[in-house]
Amino acid sequence: MYWGKYVQHDNNRDGMGQFLELTKAVTRTQLQWYPTVMHDLHEAQTYLYSSTGTGPYNDALDPIVISEWWQLAQNDVMEMTKRGVPGVWTYGFYDGWVPNYMFFIAHSHNAIGRFYEVQSYGPDNYEVRPGATTTSKEWFRPNPPLPFIKWGPRNNTNIQQSGVLFSLQHVAKNKELYLENYWLKNKRAIAEGVDGPINAWVIPAAQRRKADAADAVNEMLRQGLEIHRATSAFKAGTVNVAAGDYVVRGDQPYRTLAEMYFSVQNYPPQNPSPYDDTGWTFQFMRNIKMATVNDKSVFTQPMTKVTGPVKAAGGIDGAGATLVVEHTADNNLVTFRFKNAGVKMLAAEEDFELNGRKFRAGAIIVPDADRAKLEPMLRDLGLSAWAVASAPAVKTHDLDLPRIGYVHSWTRTQDEGWVRAALDTYGVPYTYFADQKLKSEPNLRAKYDVIIFPHVGGTAQSQVNGMAMTGKTPLPYKKTDKTPNLGFVDQADDIRGGMGLEGLMNLAKFVQDGGTLITEGSTTTIFPAYAVTSGVTVETPAQLFVRGSILRGKWSDQKSPLAYGYENADLPVYFNQSPVLNAGGGGIPPEFAGFFGGGGAANAGLGQNVTPNATPVHVSPFAAEDAAAAGEKPPVDQAAEFRRMAGQFGVSFSDARPRVVMSFPQNPNDMLLSGTLANGQFLSNRAALVDVPLGQGHVVMFAIRPFWRWQTQGTYSLGFNAIMNWNDLDAGKADARPGTTSQQ
């Protein structure tokens, strides 16, 4: 359920993206007050866990801070044990790897981040009876929890308050040690930037996705990183730096943040099971170009420090009544389109050349353009356009703005909130409603052109059924005198039950009647599982292990409108274990993939050894400049019942072949860019993005997560392309309908 406007527990996973106001406030505190310790309180363990994590620890952490973790945690365990308090422990929870947690904001600024997990309550006293794995006596839990205990709010508050007081006392007694450590960590960060292997990072200002590059720079500035701009061209090592390029120097105290974000992650599966994502490389997730400088001469080159937000160069060159706006996959393009809803715009369906300049398919053509109105907007958005006397001779289609319906499930509002955040930020309007309403809307097509149904989680069947209809009493979620803070985003008299088979049928009819349904993650499995669509099957390989990693996506059909604006043959994409979609793309068949090794146990059955990082996982290098589900199917009889019901209402299902737009590589050794992967053969040539025709409409299925948290800005345009080209997704197909050809 809603904890805030957009997310639930991901309010503690926003440490890198920093979209939420809560996260921004914590960062401002760190930058303005320079605290040496940041302490975070949580409720999820019995009775009190003092954080160290199991490892592996983030590679960019100064070893000093790891020792500080242990010193503070062991002090908590010792002091509480001395006073006869059971169940205070450390180590056996969490890892210490991914820097998206709120307390990691302290680490990226050379302070100490730590947290407690305490036994929860809610709200009455109750009896806690932990299992054997919680009450066993271990080296990290020398005084384990009791077999059972009465627990309530008083216990909860007392135990964490006691721990905090002991930590405060310890730090106060050792203030010189911790102040010296804080000073040393900042000093060592600077020294690493001067004497270490990387002296700077360069972000070209004039790169293709220049608006999103500027946005990335502004985000780093907000988080406290010092950034300079080259005042003239120079060369440092092998890197050519142009005037205006952004330079992140290594000789700064918060170099830790840069290394933490910009490095490639390598998480061998032999480690403990990861607590969250394993790969997050900033420039990959945002699909921007960045070069590393391995030459100290960069420190003496001409540059000035950036003191405020930057903006990409934009505007209009040339003269004429027709504008051609280059589609660069910058996210601001969708803002430009929706800000000018009444302006006729066309999308070029093929590459073309105009006045000596080459444009990719997807370029936006604006005939009879009002330059006085559009130019300031293009300049503000960092987008470039060229004015010409007449439209280029290229096949086009209208960029018709859709009426968008946005479906959420009451079972989980966590992940879909990040999609809403992207739509709201870039100015894409929509109507928001719960999946329950699908069953009472037999003519969705009369209201909507596009329906977005983001990830929910669970099986196809559980997503259709929604929250269990337990008992006879309704379960309301709404604003009342007693619950004045509920119902801000959405509300209902009874949140039990989902769309049901009736709603699923209405959703299928919506697509058949010409609508476009956009799904991602778990919701992609619903139509294939219920045999609504053909040509796509959902595989569940137990041996596959890819936890929150950045993989290589390879374009299978770059003429699809979904691919508009993207330049290279490959695209870094975020993928987290499932769904695995087989759309007939070849690769290693699942029945044979098991012969290549891997078990079905945790971490692909590779177990855990004492020195797992001695054998890194294979990471495939990525050069941005190189051009060129979990869960079971519903019972067979339920799927058959759905098809029978649909037939009674005149809904039939076609056998049209899916259009695979992006796939994972055939060779597993080419897949992983950052994070972890084992048994990648089970992803061989599997679909990452597929467009499935159904009747007169389309189902766009993202196996990847294009709107993951506030980090994957590099794949947002995949979703925005689906929205802007919703009724022309057949463009570029050999058997597509004839398009409009503009004559020059």
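Cut-offs and rules
Residues numbered from 1 in each chain as written. Predicted model: local features only at pLDDT ≥ 70, side-chain atom pairs only at ≥ 80, totals over all residues. Heavy atoms only, no water. Salt bridge = Lys/Arg side-chain N within 4 Å of Asp/Glu carboxyl O. Helix = DSSP H or I, 4+ residues; strand = E, 2+ residues; numbered from the N terminus. Buried < 20%, exposed > 50% of the residue type's maximum accessible area, 1.4 Å probe, protein only. Axes fitted to C-alpha atoms, helices over the stretch in contact; angles between N-to-C directions. Parallel < 35°, antiparallel > 145°, perpendicular 65-115°, else oblique. Left-handed = near helix turned anticlockwise from the far one by under 90°. Contact = heavy atoms within 4.5 Å. Nonpolar A, V, L, I, M, F, W, Y, C, P; charged D, E, K, R; others polar. Phe/Tyr/Trp six-rings, centres within 6.5 Å; stacked < 30°, edge-to-face > 60°.

Asks: Quick question: what am I supposed to make of the pattern of salt bridges here?
Replies: If charged atoms from side chains of opposite charge come close, those side chains can pair. Per the counting criterion, the structure on display carries 39 salt bridges. Between arginine 255 and glutamate 259 there is a salt bridge; the shortest N-O distance is 2.8 Å. You can see arginine 255 and its partner glutamate 259 sitting in helix 8 (residues 255-262), four residues apart, about one turn around the helix. Taking relative accessible area as the criterion, glutamate 259 reaches 26% and is therefore assigned partly exposed. A salt bridge links arginine 371 to glutamate 375, with the nearest nitrogen and oxygen atoms 3.2 Å apart. Of this pair, arginine 371 and glutamate 375 both sit in helix 11 (residues 371-381), four residues apart, roughly one helical turn.

Asks: How do you make sense of the packing of helix 10 (residues 332-339) against helix 18 (residues 716-724) when you look at a structure like this?
Replies: In a pair of packed helices, the angle between the axes and the distance between the axes together describe the arrangement. At a minimum axis distance of 9 Å, the contact between helix 10 and helix 18 shows a crossing angle of 25°. The angle between the axes of helix 10 and helix 18 places the two elements in the roughly parallel class. Where helix 10 crosses over helix 18, the handedness of that crossing is left-handed. Of the residues in helix 18, those touching helix 10 at Leu333, Val334, Arg337 and Phe338 are Phe720, Ile723 and Met724. The residue inventory of the contact of helix 10 with helix 18, partitioned by class, reads six nonpolar, no polar and one charged.

Asks: For this particular structure, what's the right way to read the packing of aromatic side chains?
Replies: By the definition in use, this model includes 44 aromatic pairs. Measuring from centroid to centroid gives 5.4 Å for tyrosine 406 and tyrosine 432, while their planes differ by 45°, and the two rings are tilted. With a gap of 26 residues between them, tyrosine 406 in strand 22 (residues 404-408) and tyrosine 432 in strand 23 (residues 431-434) connect regions that are remote in the sequence. Where tyrosine 426 meets tyrosine 716, the ring centres are 6.4 Å apart and the plane angle is 80°; that geometry is what we call edge-to-face. Take tyrosine 426: its relative accessible area is 7%, and that puts it in the buried class. Overall, the relative accessible area of 0% leaves tyrosine 716 in the buried class.

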